[in-house]
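Per-entry structural report
Read off the chains here:
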Amino acid sequence: MEKTAEDYMYDDQADERDAAWAESELLKGGKTDAVLSCPQCLVQICFVCQRHARFADQFRALAAKHCEIREEELFVYGPSGLLEPKTEATPKYAEVFRLVECSKCQARVGVADADG
């Protein structure tokens, strides 16, 4: 029996190979609480993360992809809980952050500690 084009496109082992690749390359053998995507363009930005201890709708990225940290600006969380630019009036003890953006569409996707 002669094989058709459809026969050459079918691979019954493809899912297993893809899962093994994702486990070794993206998860690095670790465990993740979620896979995060950019809310604007939906590109996947984090494959290994932990749920925040206090805020159930926030995650801490352990390995991020397709992200850029904006080094030139510093931010703090203001009294209202919103991110505000750091100024001379910012208390010395305030935690300082840098914005993290999606490298594909430049949407703000998180913050990173300014010192690390």
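Here, every reference points to the structure presented above.
Residues numbered from 1 in each chain as written. Predicted model: local features only at pLDDT ≥ 70, side-chain atom pairs only at ≥ 80, totals over all residues. Heavy atoms only, no water.

1. Here's the deal with the overall build of the protein chain
Along the backbone of the protein chain there are 2 helices and 8 strands. Radius of gyration (C-alpha) of the protein chain: 20 Å, far over the 13 Å computed for a compact globule of 116 residues. The principal-axis extents of the C-alpha atoms in the protein chain amount to approximately 80 × 30 × 20 Å. Taking all 116 residues of the protein chain together, the buried fraction comes to 19%. A sequence separation of at least 24 residues applies to 29% of the contacts in the protein chain between residues at least 6 apart. Carbon and sulfur atoms form 51% of the exposed surface of the protein chain, whose accessible area is close to 9,100 Å². Charged side chains in the protein chain number 14 positive and 22 negative. The centres of these two groups are separated by 8 Å. (Helix = DSSP H or I, 4+ residues; strand = E, 2+ residues; numbered from the N terminus. Rg over C-alpha atoms; globule rule 2.2 N^0.38 Å. Buried < 20%, exposed > 50% of the residue type's maximum accessible area, 1.4 Å probe, protein only. Contact = heavy atoms within 4.5 Å. Areas by Shrake-Rupley, 256 points an atom, 1.4 Å probe, with all protein chains shown as cover. Lys, Arg positive; Asp, Glu negative; His and termini not counted. Charge placed at Lys NZ, Arg CZ, Asp CG, Glu CD.)

2. A word on a negative patch on the surface
On the surface, D12, D15, E16 and D18 cluster together to form a negatively charged patch. You can call E16 partly exposed: its relative accessible area is 48%. (Patch = residues over 30% accessible without salt bridge, like charges linked within 9 Å, V, L, I, M, F, W, Y side chains within 5 Å. Salt bridge = Lys/Arg side-chain N within 4 Å of Asp/Glu carboxyl O.)

3. Looking at the nonpolar core
Core analysis: the biggest nonpolar cluster contains 5 residues, these being C38, I45, C102, C105 and A107. What C38 contacts, discounting residues up to four positions off in sequence, is V43, I45, C102, C105, A107 and V109. (Core = buried A, V, L, I, M, F, W, Y, C linked by side-chain atoms within 4.5 Å.)

4. Some remarks on the packing of aromatic side chains
The description of two aromatic rings rests on the distance between their centres and on the angle between their planes. Under the definition given, this model contains 1 aromatic pair. Centre to centre, the rings of Y77 and F97 are 5.4 Å apart; their planes meet at 70 degrees, and the pair counts as edge-to-face. Linking Y77 in strand β5 (residues 75–77) with F97 in strand β7 (residues 97–102), this pair joins segments that are 20 residues apart in sequence. Residue class for F97 comes out buried when judged on its relative accessible area of 11%. (Phe/Tyr/Trp six-rings, centres within 6.5 Å; stacked < 30°, edge-to-face > 60°.)

5. Observations concerning the side chain of R70
Structurally, the position occupied by R70 is in the loop between β4 (67–69) and β5. A distance of 3.2 Å separates a polar atom in the side chain of R70 from a polar atom in the side chain of E72. Looking at R70, its side chain comes within polar contact range of the side chain of E101, at 3.1 Å. Filtering out sequence-adjacent residues up to four positions away, R70 remains in contact with R98, L99, E101 and R108. (Polar contact = N/O pair within 3.5 Å; in protein donor to acceptor, adjacent residues only side chain to side chain.)

6. So, the layout of surface pockets
Here the largest pocket defines a volume of roughly 1,200 Å³. The wall of the largest pocket is formed by 31 residues, among which F59, V109, G110, V111 and A112 lie closest to the centre. Looking at the lining of the largest pocket residue by residue, the class counts come to 20 nonpolar, 6 polar and 5 charged. Lining the second largest pocket are 13 residues, with V76, Y77, G78, P91 and A94 positioned closest to its centre. Elements that contribute at least two residues to the lining of the second largest pocket include exactly β5 and β6 (83–85). For the lining of the second largest pocket, a count of residues per class yields 8 nonpolar, 3 polar and 2 charged. (1 Å grid on protein atoms, 1.4 Å probe; cavity = no way out; pocket = protein on both sides within 12 Å on 5 of 7 lines; lining within 4 Å. Points joined across faces, edges and corners; volume = space filled by probe spheres on them. Nonpolar A, V, L, I, M, F, W, Y, C, P; charged D, E, K, R; others polar.)

Geometric values such as these leave the question of function open.
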